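# Observations on the model geometry
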Amino acid sequence: MTVSDLPFMPEFFDRYINLVNRDAELINELKKSIDVFDDVISQLKEKANFRYQEEKWSVKELLQHCIDTERVLAYRALVFSREGNVDLAGMDENVYAKNAIVDYRSIDDLIHEFKAVRQSSIYLFESFTKEQLLQVGTCFAKEMTPLALGFVIIGHPMHHLKTLKERYF
């Protein structure tokens, strides 16, 4: 299924979905984007703890944020696909980042974890039927489908990749 198959565009999350080609097929795009950070991160290894402003995340914190967010989004997709219209709590990304404590981790370790989480997401989305992908649930008081969440999973790291390219070099 593609972005064009979405029954509606979820408010707020559309900013991530709109980064994905409308004709991109979900599973293929999940697989293609498993290496989304490789080129940029290989150039930023020496700046792993760099912050472009004091209150902003380091490169490692940004990677951990993408990992945590993908796990949360995949969980939401699982719940919506299995339970239907459920209202799930939001995620405070700054609390997650504060408590992640990535200082002792290497960039390579975080990239490896990102790819493992992405592979898990691929397996999850491959298991869904078309009907399950279109089940509606609610998070952040916004209606979503697992299909939309799949495209958010693809677009969210693309959003942060743009930030890395603009602010960390």
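Residues numbered from 1 in each chain as written. Predicted model: local features only at pLDDT ≥ 70, side-chain atom pairs only at ≥ 80, totals over all residues. Heavy atoms only, no water.

## Concerning helix H8 (residues 146-167)
Compared with an ideal rise of 1.5 Å per residue, which puts 22 residues at 32 Å, H8 spans 32 Å between its outermost C-alpha atoms and is within 8% of the ideal. Burial runs high along H8: 16 of the 22 residues are buried. (Helix = DSSP H or I, 4+ residues; strand = E, 2+ residues; numbered from the N terminus. Expected span 1.5 Å × (residues − 1). Buried < 20%, exposed > 50% of the residue type's maximum accessible area, 1.4 Å probe, protein only.)

## Observations concerning the pattern of salt bridges
All chains considered together, the criterion is met by twelve salt bridges. Across the salt bridge formed by Glu126 and Lys31, the nearest N and O atoms sit 3.3 Å from each other. Here Glu126 is found in helix H6 (residues 107-127), whereas its partner Lys31 is found in helix H2 (residues 26-32), with 95 residues between them in sequence. Judged by its relative accessible area of 39%, Glu126 falls in the partly exposed class. (Salt bridge = Lys/Arg side-chain N within 4 Å of Asp/Glu carboxyl O.)

## So, the state of the cysteines
A full pass over the atoms with the stated rule returns zero disulfides. Among the cysteines around Cys66, which has no disulfide bond, Cys139 carries the closest sulfur, lying 17 Å off. Classification of Cys139 by relative accessible area gives buried; the value is 0%. (Disulfide = S-S within 2.5 Å.)

## Re the sheet that holds strand S1 (residues 87-88)
With mixed pairing, three strands are arranged side by side in an open sheet as S1-S2-S3. The open sheet has two free edges, formed respectively by S1 and strand S3 (142-144), since each of these has just one partner strand. Note: S1 against strand S2 (residues 137-139), two bridges, orientation parallel. Bridge pairing links Asp87 to Thr138 in S2. (Pairing = 2+ DSSP bridges.)

None of this, on its own, says anything about what the molecule does.
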